[in-house]
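Chain by chain, the residues run as shown.
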Amino acid sequence: MIHAMTSAKKLTVDDLFARGEDIREELIHGEIVPKAFSGAVHQSHEGALRVWAGRRFDRTPGGRWPGGWWIFSEIHTVYDTHQVFCHDIAG
């Protein structure tokens with residue numbers, strides 16, 4: 001007898017965020033995946049990049065440098081119902 005295979009239910013952004021606000025997880029193709037912790041060197045470079053980008057872009061528009069950006073690190077970005085990535089740095 002042949003049994004029909006059913007695929008696992010794809011999880012959504014609501015399922016991910018129901019787990020809490022300070023989670024270190026991503027939603028990739030409807031599956032919740034833990035995000036690895038960064039090492040000291042990675043965190044140091046991430047911080048330096050955040051400061052560099054923040055000085056140039058996270059400011060009021062109209063000055064010497066372009067402005068109007070918000071620069072964040074370790075932020076969840078929703079791309080669609082089944083795709084949420086936690087980027088090291090995003091603007």
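Reading the values: the criteria
- Residues numbered from 1 in each chain as written.
- Predicted model: local features only at pLDDT ≥ 70, side-chain atom pairs only at ≥ 80, totals over all residues.
- Heavy atoms only, no water.
- Helix = DSSP H or I, 4+ residues; strand = E, 2+ residues; numbered from the N terminus.
- Buried < 20%, exposed > 50% of the residue type's maximum accessible area, 1.4 Å probe, protein only.
- Lys, Arg positive; Asp, Glu negative; His and termini not counted.
- Salt bridge = Lys/Arg side-chain N within 4 Å of Asp/Glu carboxyl O.
- Polar contact = N/O pair within 3.5 Å; in protein donor to acceptor, adjacent residues only side chain to side chain.
- Contact = heavy atoms within 4.5 Å.
- Expected span 1.5 Å × (residues − 1).
- Arc of directions from axis to C-beta.

**Some remarks on the side chain of Glu 26**
So, step 1. Examined against the element boundaries, Glu 26 turns out to sit in strand S1 (residues 25-28).
So, step 2. No salt bridge is formed by the buried Glu 26, whose closest oppositely charged neighbour, Lys 35, lies at an N-O distance of 4.6 Å.
So, step 3. Polar contacts involving the side chain of Glu 26 include one to the main-chain amide nitrogen of Cys 86, which spans 2.8 Å.
So, step 4. Sequence-distant contacts of Glu 26, that is, excluding residues within four places in its chain, are made with Leu 16, Glu 31, Ile 32, Val 33, Lys 35, Val 84, Phe 85 and Cys 86.

**Describing helix H2 (residues 40-57)**
So, step 1. Taking 1.5 Å per residue, 18 residues should reach 26 Å; H2 reaches 25 Å between its end C-alpha atoms and fits that length.
So, step 2. Three or more residues of H2 are buried, namely Glu 46, Ala 53 and Gly 54. Here the buried residues of H2 occupy an arc of 100° about the axis, which is enough to place them on one side. Exposed side chains of H2 directed beyond 90 degrees from the buried face belong to Ala 40, Val 41 and His 45.
So, step 3. As for H2, its buried residues are in contact with strand S3 (72-80) and strand S4 (83-90).

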